[in-house]
Every structure is written in C-alpha cells, then in structure tokens.
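Here are the chains, one letter per residue:
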Amino acid sequence: MTAKFKDLALDALDHQALADWWCSAMGYVRRSPPGERSPDWPVAIVDPAGEGPLIWLNPVPERKTVKNRMHLDVWGDPEELRAAGARMVAQRGEGREWHVMADPEGNEFCVFER
C-alpha cells in the first residue's frame, strides 16, 4: 500500500465563513472552537456522528477560477441547499442522476436526492 485516505481539504478565500456554511449545510461542527487557533490557520470540521470524513477548510489568497478536479458528493435537498446559499450549476437529467451545485465560494459539489 502506497497511501491511505486521511482527510479532505477545500481551499477558500474566506475559510472561516465557508467552514460555517459547510457546518450548517451538512450538520458538521468545528473540531476546535473558533479562536482556539490563529484566524489564518486552516479550520477542521467533523461529522459529530463520526460517519463522514474530516474536512479541512484552508485559507488561500485567490478566488476559485476553474472547475474543481475533486469535489464532494452529498445526500441532500437541492432547494434547501439553494436557500442556504448554494447555487445550482446543472440540474439532474440527461443521463445524470445528481445535481451539480456550488457553495458560496463557487466550489462545485454533487447533490444526490434520497
């Protein structure tokens, strides 16, 4: 074995705000309380039920400009996610069984409805 999965990482211009958005959208919580580290330090968010992966929100100085090469797949309601601040990129259909959405910073993710 050469490598073993550890965590996911997502870059963000405002990593603090995006960590809060993903926590709200997925029911995650910050691993460490805000203020425990420097505001410029990456933020780790976790599934309190222990079912989902740990996700790091990393600060970067630039906005997202091109399509993600890796993305999250989530179970969810696209309308609820849109109401929370996500944007619809492509609706399910034409042979695709999922919606493609973007978080408030434009990071694409796929939404599968149960």
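Residues numbered from 1 in each chain as written. Predicted model: local features only at pLDDT ≥ 70, side-chain atom pairs only at ≥ 80, totals over all residues. Heavy atoms only, no water.

- Per an unreviewed UniProt entry, the recorded name for the protein chain is VOC family protein, and the organism is Amycolatopsis albidoflavus.

1. What about the overall build of the protein chain?
Item 1. Of regular secondary structure, the protein chain possesses 2 helices and 8 strands.
Item 2. The N-to-C order of helical and strand elements in the protein chain reads β-α-β-β-β-β-α-β-β-β.
Item 3. In terms of overall size, the protein chain behaves like a compact globule, its C-alpha atoms giving a radius of gyration of 14 Å where 114 residues would be expected to give roughly 13 Å.
Item 4. With the C-alpha coordinates of the protein chain rotated into their principal frame, the extents come out at 45 × 35 × 30 Å. (Helix = DSSP H or I, 4+ residues; strand = E, 2+ residues; numbered from the N terminus. Rg over C-alpha atoms; globule rule 2.2 N^0.38 Å.)

2. Structural notes on the sheet that holds strand 7 (residues 99-102)
Item 1. The sheet built from 4 strands is open, its strands ordered 5-8-7-6 with mixed pairing. Both outer strands of the open sheet, strand 5 (72-75) and strand 6 (87-90), are each paired with one neighbouring strand and no more. Neighbour to neighbour, the strand axes of the sheet diverge by 40 degrees on average, direction disregarded.
Item 2. Two elements, strand 5 and strand 8 (residues 108-112), share 4 bridges in a ladder whose sense is parallel. Each residue of the ladder has a partner; that of Val74, found in strand 8, is Val111. (Pairing = 2+ DSSP bridges. Axes fitted to C-alpha atoms, helices over the stretch in contact; angles between N-to-C directions.)

3. With respect to the sheet that holds strand 2 (residues 29-30)
Item 1. Taken in spatial order, the 4 strands line up as 1-4-3-2 in an open sheet, and their pairing is mixed. Because the sheet does not close on itself, it has two edges, and the strands there are strand 1 (8-12) and strand 2.
Item 2. Contacts from helix 1 (residues 15-26) reach strand 1, strand 2, strand 3 (43-46) and strand 4 (55-59) within the one sheet, and its direction differs from that of strand 4 by about 155 degrees. (Contact = heavy atoms within 4.5 Å.)

4. Section: the nonpolar core
Item 1. Counting residues in each nonpolar core, the largest one holds 21 residues, and the members touching the most others are Trp22, Ile45, Leu57 and Phe109.
Item 2. Counting only elements with at least two residues in this core, the list comes to strand 1, helix 1, strand 3, strand 4, strand 5 and strand 8.
Item 3. Ranked by the residues each element gives to this core, the list is headed by helix 1, at 5 residues.
Item 4. When near neighbours in sequence (up to four residues on either side) are disregarded, Trp22 contacts Leu10, Gly27, Ile45, Leu57, Leu72, Asp103 and Phe109. (Core = buried A, V, L, I, M, F, W, Y, C linked by side-chain atoms within 4.5 Å. Buried < 20%, exposed > 50% of the residue type's maximum accessible area, 1.4 Å probe, protein only.)

5. Some thoughts on the pattern of salt bridges
Item 1. On inspection of all chains with the given rule, the structure shows 5 salt bridges.
Item 2. Residue Asp20 pairs with Arg30 through a salt bridge whose shortest N-O separation is 3.0 Å. Highlighted residues: Asp20 in helix 1 and Arg30 in strand 2, separated in sequence by 10 residues.
Item 3. Assessed through its relative accessible area of 17%, Arg30 is described here as buried.
Item 4. Notably, a salt bridge pairs Glu113 with Arg92, separated by 3.0 Å at the nearest N-O pair. Separated by 21 residues along the polypeptide, Glu113 in the segment after strand 8 and Arg92 in the loop between strand 6 and strand 7 bring together distant segments of the chain.
Item 5. Judged by relative accessible area, Glu113 falls into the partly exposed class, the value being 34%.
Item 6. By relative accessible area, which is 45% here, Arg92 ends up partly exposed. (Salt bridge = Lys/Arg side-chain N within 4 Å of Asp/Glu carboxyl O.)

6. Focus on helix 1
Item 1. In this model helix 1 runs 16 Å from its N-terminal to its C-terminal C-alpha over 12 residues, within 8% of the 16 Å that 1.5 Å per residue would give.
Item 2. In the stretch just after helix 1, Gly27 is the one whose phi turns positive, near 75 degrees. (Expected span 1.5 Å × (residues − 1).)

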